[in-house]
Number of protein chains: 4
Amino acid sequence: MTRIGSWSATRVGPVSDMVETAGSWLREDELESARERLPIVYIDAIPVRTDDRGQVTLIGLLLRAMPDGTISRAVVSGRVLYGERVRDALLRHIEKDLGTMALPRVSPSPQPFTVVEYFPSPEVTGFHDPRQHAVALAFIVPLAGDCSPSHEALDLVWVTPEEASAPQFQAEMSGGQGRLVRMALAHCGLLP
Amino acid sequence: MTRIGSWSATRVGPVSDMVETAGSWLREDELESARERLPIVYIDAIPVRTDDRGQVTLIGLLLRAMPDGTISRAVVSGRVLYGERVRDALLRHIEKDLGTMALPRVSPSPQPFTVVEYFPSPEVTGFHDPRQHAVALAFIVPLAGDCSPSHEALDLVWVTPEEASAPQFQAEMSGGQGRLVRMALAHCGLLP
Amino acid sequence: MTRIGSWSATRVGPVSDMVETAGSWLREDELESARERLPIVYIDAIPVRTDDRGQVTLIGLLLRAMPDGTISRAVVSGRVLYGERVRDALLRHIEKDLGTMALPRVSPSPQPFTVVEYFPSPEVTGFHDPRQHAVALAFIVPLAGDCSPSHEALDLVWVTPEEASAPQFQAEMSGGQGRLVRMALAHCGLLP
Amino acid sequence: MTRIGSWSATRVGPVSDMVETAGSWLREDELESARERLPIVYIDAIPVRTDDRGQVTLIGLLLRAMPDGTISRAVVSGRVLYGERVRDALLRHIEKDLGTMALPRVSPSPQPFTVVEYFPSPEVTGFHDPRQHAVALAFIVPLAGDCSPSHEALDLVWVTPEEASAPQFQAEMSGGQGRLVRMALAHCGLLP
């Protein structure tokens, strides 16, 4: 039986130290059931490279299979687990998608730059996830290390703010991902 | 069979078009079960009165029974339902706690001033909810109308920023509520 | 001799009560001189109409002569005076441009959604003001009353987020104004 | 004649490369004069140490002579020069106060966590600067390197959030500095 993992709230060590905690696991079918009943807490992390003044120079975009079956450029995204701090969920999903050497610099503040509401219907907000209603806290995360697409990502590209906003590139992003990237650029003062 | 509701019919826009959908309701026991497995999406709304320059003059605090059994001064707080926008959850819980004439002015932006992580253990963040792991998007909401405590609230008082921060008043707030109020005041530039 | 007005820091009454304070006025030539030596504190206010859920439905755009000689659609913008609170500068410029019946609802928090850096050279940030280096605190301000273009504005139009972002409309905005409007829409989750 | 330096807007190299630009300098007496007529653009930087999850563990506080003649614990603070980006002013003042090896990680976003309005009168906002009306953009800046108090600072101490908020330590901060530190902690979710 496949189980979707969780971890204890007190974890401070590396992600690989995660242990199973009684009662904090969901079977696949239980998760499916919950997804039809409750909004799910997510994080969205926009990976960026910055210069030594902290200004964004490049945005990292994964290529992957999306919930709606399309292949899309996408940011790092994933569920917050029971007992997990938002900050730890950010680190775990970045490590999962970009490897253990990415050296993310998560913001000292828990204030997200926006909250993205994904709905099963594409009409509600334009942010679309056919599997679930997800409420994602979105953060811009500078990476100081080496990134390599891992897990389910097919590819990783680094593009400039101009390239990321260009119609051609935006057309490669589905489910609202292109819009989220432009919202992140706007927050950084770099929307072309 | 007790059911945990979807939301009230008083909502104004296209919301009234929403119908109860099989699968979008949770029985009490199902909610209890989910609360042991998944973080739950919440909103926290700090009710304020402002002068005509928009500056906070008073903070509204409810008196109510808390999840841990204490009686505490508290802000408006509640779950976001499946299919519900964060904005609508704010309005619904404000109406539930402060009545239909409160005239809340919800911010045009979805960016919360902070995210509060409530854990079953009081040690993790200091924000404590023995029932569940809740991730609350916190907003400051000016109210322009008449407020009357309704639903489960025992009382409503309006206090100045100084009064709300005073040790005596802070001692009447449990589970991190006193700290949340001071965080809201800090965000408004009014922490004494 | 033309004098650029200031007002005392303690003002709480209507704008028309402003009085001259010894030492807090600048002659035109002194202001010109300061503008060549110091960054000037500005506010930018993006006027919006919201529905009763607080969501932006329309953006208000003035038509006016810009510092660079062009005629452009523009948001409300102006200098913060010596001794003036940022909050009061917002109210004063909104009243000056949109009239006394606009009923602005200025945010309870002093946190701007962005800071716009205008430079005499258009290359530095893309935000261009040939007269000066201005640092503008930018706020989204819902208006509840009747607005009429006054002072130096030639016209006022209310447009939807989609219209404001459309290439045709963006082409009518110079000096970075079109970009600022899209940044405000992004902050409200409404960038198309 | 002492001159207060400025630098060109296009600087990208180290701070020591600053060059005088014709017209962009102010004599001391001119700066004094401007300070009586115009609000001055400032940055406030709260230096912090973070753990590898990005959470603040320590706050760095300088000891120095304040504008009002007191000796106070204080954060990094200083003027934005004509032609200078806010981001560069942050880096310049951090280098000036904490040395060239401090390795600051300035946020990718220009959104400050608050705006602090300093007035010559201590009554207006509680933030007091007898020399001038200053409008300060406040940022929390993690430092990854070695810090040594330089320039006019007498001392640098690193304290925990609890220590920084304790009445004893707060009493060592004048002009609103203690309040600003607690506002920064509130923004990081760490106000005790």
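Being a predicted model, the structure only gives us computed values, none of them experimental.

## Digging into the overall build of chain A
And then number 1: Per the secondary structure count, chain A includes five helices and nine strands.
And then number 2: Each helix and strand of chain A, placed in order from N terminus to C terminus, yields the pattern β-β-α-β-β-β-β-α-β-β-β-α-α-α.
And then number 3: Relative to its 192 residues, chain A shows a buried fraction of 61%.
And then number 4: Considering only residue pairs separated by 6 or more positions, chain A has 66% of its internal contacts joining residues 24 or more positions apart.

## Let's talk about the relation of the copies chain A and chain D
And then number 1: Mapping chain A onto chain D calls for a rotation angle of 180 degrees and an axial translation of 0.0 Å; the resulting RMSD is 0.0 Å. Taken together, these values place the two copies in the relation of a two-fold axis. Residues of chain A ranked by C-alpha distance from the rotation axis are headed by S107(A), positioned 4.0 Å from it.
And then number 2: Most of the interface of chain A is mirrored in chain D, where 100% of its interface residues are also at the interface.

## So, the pairing of strand 8 (residues 134-142) of chain A
Residue and element names in this part refer to chain A.
And then number 1: For strand 8, a buried count of nine out of nine residues is recorded, marking the element as mostly surrounded by other parts of the structure.
And then number 2: Burial of strand 8 is two-sided: the residues A134, A136, A138, I140 and P142 facing one way and the residues V135, L137, F139 and V141 facing the other way are all buried.
And then number 3: Bridge count for strand 3 (residues 40-50) against strand 8 is nine bridges, and the pairing is parallel. Counterpart to I43 in the pairing with strand 8 is L137.

## Section: the interface of chain A and chain D
And then number 1: Each partner contributes residues to the interface: chain A has 21 residues there, and chain D has 21 residues.
And then number 2: Across the chain A to chain D interface the summed buried area is about 1800 Å²; carbon plus sulfur atoms make up 50%.
And then number 3: Across the contact surface, chain A and chain D share two salt bridges.
And then number 4: Among the salt bridges present, the one from R53(D) reaches D88(A), with a minimum N-O distance of 2.8 Å.
And then number 5: Elements that contribute at least two residues to the side of chain A that touches chain D include exactly helix 2 (86-98) and strand 8 of chain A.
And then number 6: No other element matches helix 2 of chain A, which puts three residues into the side of chain A that touches chain D.
And then number 7: Residues belonging to the side of chain A that touches chain D are distributed by class as follows: eight nonpolar, seven polar and six charged.

## Examining the interface of chain C and chain D
And then number 1: Taken together, the contacts link 38 residues of chain C with 38 residues of chain D.
And then number 2: Together chain C and chain D conceal approximately 3100 Å² of surface at their shared face, both sides included; 63% is due to carbon and sulfur atoms.
And then number 3: For the chain C face of the interface with chain D, the top three residues by lost area are R37(C), L38(C) and Y82(C), together amounting to 23%.
And then number 4: For the interface between chain C and chain D, the tally reads two salt bridges.
And then number 5: R85(C) is the salt-bridge partner of E117(D), the closest N and O atoms lying 3.3 Å from each other.
And then number 6: When residues of the side of chain C that touches chain D are traced back to their parent elements, those giving at least two are helix 1 (28-35), strand 3 (40-50), strand 7 (114-118) and strand 8 (134-142) of chain C.
And then number 7: With four residues, helix 1 of chain C is the single largest residue contributor to the side of chain C that touches chain D.
And then number 8: Per-class residue counts for the side of chain C that touches chain D are 22 nonpolar, eight polar and eight charged.

## Here's the deal with the state of the cysteines
And then number 1: Enumeration over the complete set of coordinates arrives at zero disulfides over all chains.
And then number 2: The thiol of C147(A) is unpaired, and the distance to the nearest cysteine sulfur, on C188(A), comes to 16 Å.

## With respect to the packing of aromatic side chains
And then number 1: A full pass over the atoms with the stated rule returns four aromatic pairs over all chains.
And then number 2: Seen in terms of ring centroids, Y118(C) and F127(C) are 5.8 Å apart; in terms of plane orientation they differ by 70 degrees. Their pairing is edge-to-face.
And then number 3: Classification of Y118(C) as buried rests on a relative accessible area of 7%.
And then number 4: When its relative accessible area of 4% is taken as the criterion, F127(C) is described as buried.
And then number 5: Over the face of the ring belonging to W158(B) we find R49(B), whose NZ or CZ atom lies 4.6 Å from the ring centre.

## Focus on the relation of the copies chain C and chain D
And then number 1: Expressed as a screw operation, the relation of chain C to chain D combines 0.0 Å of axial shift with a rotation of 180 degrees, fitting to an RMSD of 0.0 Å.
And then number 2: An overlap of 100% is found between the interface residues of chain C and their copies at the interface of chain D, pointing to a shared contact surface.

## What to know about the pairing of strand 7 of chain C
All names here are of chain C.
And then number 1: For strand 7, the buried fraction is high: five of the five residues fall into the buried class.
And then number 2: The side-chain alternation of strand 7 yields two buried faces, one formed by T114, V116 and Y118 and the other by V115 and E117.
And then number 3: Alignment of strand 7 against strand 8, held across five bridges, turns out to be antiparallel. Across the sheet, residue E117 finds its bridge partner in strand 8, namely V135.

## Observations concerning the environment of F139(D)
All names here are of chain D.
And then number 1: Mapped onto the secondary structure, F139 falls in strand 8 (residues 134-142).
And then number 2: Separated by 35 residues in the primary sequence, F139 and P104 place their C-alpha atoms 12 Å from one another.
And then number 3: What F139 contacts, discounting residues up to four positions off in sequence, is D44, A45, I46, V86, L90, S109, P110, Q111, P112 and F113.

## Focus: unusual backbone geometry
And then number 1: You will see that L103(C), though not glycine, has its phi angle at about 50 degrees, which is positive.
And then number 2: With respect to the helices and strands, the residue L103(C) is situated in the loop between helix 2 (86-98) and strand 7.

Calculation rules
Residues numbered from 1 in each chain as written. Chains lettered and ligands numbered in written order. Predicted model: local features only at pLDDT ≥ 70, side-chain atom pairs only at ≥ 80, totals over all residues. Heavy atoms only, no water. Helix = DSSP H or I, 4+ residues; strand = E, 2+ residues; numbered from the N terminus. Buried < 20%, exposed > 50% of the residue type's maximum accessible area, 1.4 Å probe, protein only. Contact = heavy atoms within 4.5 Å. Least-squares fit on C-alpha atoms with pLDDT ≥ 70 in both. Pairing = 2+ DSSP bridges. Buried area = accessible area lost by both parts, 1.4 Å probe. Salt bridge = Lys/Arg side-chain N within 4 Å of Asp/Glu carboxyl O. Nonpolar A, V, L, I, M, F, W, Y, C, P; charged D, E, K, R; others polar. Disulfide = S-S within 2.5 Å. Phe/Tyr/Trp six-rings, centres within 6.5 Å; stacked < 30°, edge-to-face > 60°. Lys NZ or Arg CZ within 6 Å of the ring centre and 35° of its normal.

Remember, this is a structural readout, not a statement about activity or role.
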